[in-house]
Amino acid sequence: MKIKLSTLFILFSLCFQAIAQSYQKTDLGVKSHTQSLTVELQFYSPEIVRVLKTPGTASFDKKSLSAIKAPEKTDWKISEDGKIVNLSSSKLHVELDLQTGRVTFSDLKGNRLFTEKDYGTQFTPTMDVNKQSYTVRQAFLLDTDEAIYGLGQQQNGRLNQRGQKVLLQNDNMKICIPFIQSLKGYGIFWDNYAPTTFTDNPQEMSFESLGDCSDYYFMFGGNGDKVIANMRDLTGQSPMLPLWAYGYLQSKERYKNQNEIVGVVEKYRSLKVPLDGVVQDWQYWGQDSLWNAMSFEKKTFPDPKAMVDQIHNLKAHLMIVAWPGFGPKTRQYKELMSKKMMINFDTWPPESGTKPYDPYNPAARDIYWNYLNKGVFSFNTDAWWLDSSEPDHINVKEKDFDQPTFLGSYRSVINAFPLQHIKGVYEHQRATTSEKRVCILTRSAFAGQQRFAANSWSGDIVSSWETLQKQIPAALNFALSGIPYWNADIGGFFSGSNFKEGVKDKTFHELYVRWLQFGTFTPMMRSHGTDTPREIYQFGNRGNWSFDAIEKYINFRYQLMPYIYSNAWNVTSNSGSFMRSLILDFASDKKVQDLNNEYLFGQSILVAPVLAPMYVTKNGDTQVEDFSQVKSRKVYLPKGTEWYDFWTGEKLKGGQEVEKASPIDIIPLYVKAGSILPWGPKVQYAEQTKWNTLEIRIYEGANGEFTLYEDENDNYNYERGLNSTILMKWDNQSRTMTIGQRKGNFNGMLKSRTFNVVIVKDKNGIGANPTVQCTKVVKYNGKPIAVKL
């Protein structure tokens, strides 16, 4: 059969028109029906685009648990080129292939950033208990040598997350966030709360989950910091924690009565070792059948108000544990069970009948807080340890995941359990009082949890050098996933298997000292564990090498407090990060792209923890301590700047590996040229002394600036503008330090103060105990002042 050329042209034109007309413009972008899918592109900002795909043509309305940003007014343009629809904002270019459904992102110069695969969205029908649902899979293509980071906290020892298959399901020691960011300056958040399989191989990268839609957000910042800022813009900003929470916290599993926990604070005060908080672990409520009763057992904690008052009178604070599960003899269990607000599977502790509540249900969260407030918070406690927030799941059965929750099957929302649980406590405490900032320590997290004042720790890890090594990349990827607050049990939680003699074992002393040095440069410095007590006096007396090293770094933490608290403000106000992978500041240096054993703490201090034993060994049952020869570790100094050895003041060029001598009381630290580092007074607790006199250390060699932040320390008045900032700038060429006009005001603010300005010079031995005279004494009264040095 012959077909006229004119007929073919007409058929082609009709097909072209069908393709061209298979999309419609919406207020936020475009909507298209292609490949049996409905595809929507929605601009949430010039940098953030949501890609929503659903099977068939039915519209789908999903309310995200993580993304809270309302789409902002964004100017964008649309054009079409055959089967391609093009959308452009002021920051990026997006194209939708109407034939294959592929979405591709490029910068404004046309450089491809990220793309889906052709026909890369798959919906395979499945049943979610009694509901028709899908196994949703979205596949993408990455560049061959493209490095990616994120996925939350994975204990795999890797910084770059390429080339692996990971089940993203929250568990003890594993925090799963379906988010990645690339060195190319973009990020992807897969907005799904079910267990998700992340796969990256030479053929593709993909996310696969149970769900009703493929829903992800593309964000383009151009660099890692801006990607994190986009993620915070989308999922919420991180509030300030109280000043004391950045000090030293002592904990163990567990203090068994109120005299014991008060005695810990008294001992620290008598030793004159700084301390700001103690942590009460489980079973203050009594037997397991009363698990998490949120009340104090009368025999061991007869007067909780007196206990809290004593701790406060000693100028310390009390953090106390609460769990998501309730024992069968608790009032909470009975009320929640009667209202069908429990999830029917076994949680910790074993053989106790304990079940978790349903945190997805706002009414259940109300009940949870009602008991917690009356039974604990009413005694004026200071912070929460929300343990087992994944939650623990024991005696696991497949049908457990079919259990109903307020938002659907447990399987479909499991990873959002900590997000909803922590949300409940945060929002209720905020509604109860604004005089005490919420401070939450928790074991699990999901995207957006930073907005609930949560500080996640890495779980019940084993005390070993290998575990310590893994904490650094785990922490860095967690921060690169958009959540700034992280910490670990200093010394590891389970010590008994590797150190059966506990603190009598000097090999544990060496591990603990090195771990505590690392913990000094994390957002929360908290000592905790089972089997082996960790209080400083367990390590002997002054004069013992381990005691002295521990004391040195606790003091170091407090003298660094002006730097830490100012960085906390940067986290809150500018979406900053405490623990910074070197890729954030040195992305073009290929040697840092998978460097997993060093990082920046704040903008200025490069931290290279010692991650292997050097001085204590075991020969059978005999321990050998040999400090006769100083050992060293290799440290890479990124190129593009000069560096100062913190301890000696030696100036070094970047782009080289150096050997740093590391006696037991030295952790390798290097300060970036151009840094301005405020150094505070020696104190016993964070608020003991106002910062009347601060040493300001200038590391010359480049221009630099630092913003010193202060407020009322433990309320939410800062949200109403009651705070102050002082911008300090260093001009390297003119050798001029400019201290700017103080901005803001708050109750108790210093009207005048002294800044002792020090120029750190090559090998002047300044370290933590300055041996040089300050260059200039500056009297500052809030007015701008320029100091020539």
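So, here's what we can say about the structure. All values reported here derive from a predicted model rather than from experimental measurement.

### Description of the nonpolar core
And then number 1: Counting 204 residues, the largest nonpolar core has Trp384, Leu560, Met737 and Phe755 as its most contacted members.
And then number 2: Among the elements that line this core, the one with the most residues is helix H11 (residues 545–559), at eight residues.
And then number 3: For tryptophan 384, the residues in contact, after removing those within four places along its chain, are Met319, Ile320, Trp369, Leu372, Val376, Phe377, Val425, Gln429, Cys439, Ile440 and Leu441.
And then number 4: Core analysis: the next-biggest nonpolar cluster, separate from the first, contains 38 residues, Val51, Leu98, Leu168 and Trp190 among them.

### Some thoughts on the packing of aromatic side chains
And then number 1: Taken as a whole, this structure holds 68 aromatic pairs when the rule is applied.
And then number 2: Look at tryptophan 486 and phenylalanine 518: their rings are 6.3 Å apart centre to centre, the planes differ by 55°, and that puts the pair in the tilted class. Here tryptophan 486, found in strand E28 (residues 486–487), pairs with phenylalanine 518, found in helix H10 (residues 506–519); they are 32 residues apart in sequence, far enough to count as distant. We note that tryptophan 486, like phenylalanine 518, is buried.

### Focus: the sheet that holds strand E41 (residues 693–698)
And then number 1: Strand order in the open sheet made by the four strands is E40-E41-E46-E47, with mixed pairing throughout. Of all strands in the sheet, those bounded by a partner on one side alone are strand E40 (676–679) and strand E47 (776–780). Here the strands of the sheet are splayed against their neighbours by 25° on average, with no regard to which way each runs.
And then number 2: In this structure, E41 lies alongside strand E46 (residues 753–759), joined through six bridges in parallel fashion. Residue pairing in the sheet places arginine 697 in a bridge with valine 758 of E46.

### Re helix H3 (residues 258–271)
Because an α-helix packs 3.6 residues into every turn, residues spaced three or four apart end up facing the same way.
And then number 1: Across its 14 residues, H3 extends 20 Å between first and last C-alpha, which sits within 8% of the 20 Å expected from 1.5 Å per residue.
And then number 2: Residues of H3 that are buried: Gln258, Ile261, Val262, Val264, Val265, Tyr268, Arg269 and Leu271.
And then number 3: The backbone nitrogen of asparagine 259 has a side-chain oxygen 3.1 Å away, supplied by the residue at the start of H3, namely asparagine 257.
And then number 4: A positive phi of about 60° marks lysine 272, the residue just after H3.

### Brief notes about the pairing of strand E3 (residues 37–43)
And then number 1: By the criterion of burial, E3 is predominantly enclosed, with seven of the seven residues buried.
And then number 2: With burial as the criterion, each face of E3 is covered, one bearing Leu37, Val39, Leu41 and Phe43 and the other bearing Thr38, Glu40 and Gln42.
And then number 3: Here strand E2 (residues 29–34) hands over to E3 after two residues, with glutamine 35 in that stretch at a positive phi of 50°.
And then number 4: Pairing analysis gives seven bridges linking E3 to strand E4 (residues 48–55), with the strands arranged antiparallel. Residue pairing for E4: phenylalanine 43 is matched across the bridge by valine 49.
And then number 5: Here E3 folds back onto E4, and the loop between the two strands holds four residues.

The rules behind these values
Residues numbered from 1 in each chain as written. Predicted model: local features only at pLDDT ≥ 70, side-chain atom pairs only at ≥ 80, totals over all residues. Heavy atoms only, no water. Core = buried A, V, L, I, M, F, W, Y, C linked by side-chain atoms within 4.5 Å. Buried < 20%, exposed > 50% of the residue type's maximum accessible area, 1.4 Å probe, protein only. Helix = DSSP H or I, 4+ residues; strand = E, 2+ residues; numbered from the N terminus. Contact = heavy atoms within 4.5 Å. Phe/Tyr/Trp six-rings, centres within 6.5 Å; stacked < 30°, edge-to-face > 60°. Pairing = 2+ DSSP bridges. Axes fitted to C-alpha atoms, helices over the stretch in contact; angles between N-to-C directions. Expected span 1.5 Å × (residues − 1). Polar contact = N/O pair within 3.5 Å; in protein donor to acceptor, adjacent residues only side chain to side chain.

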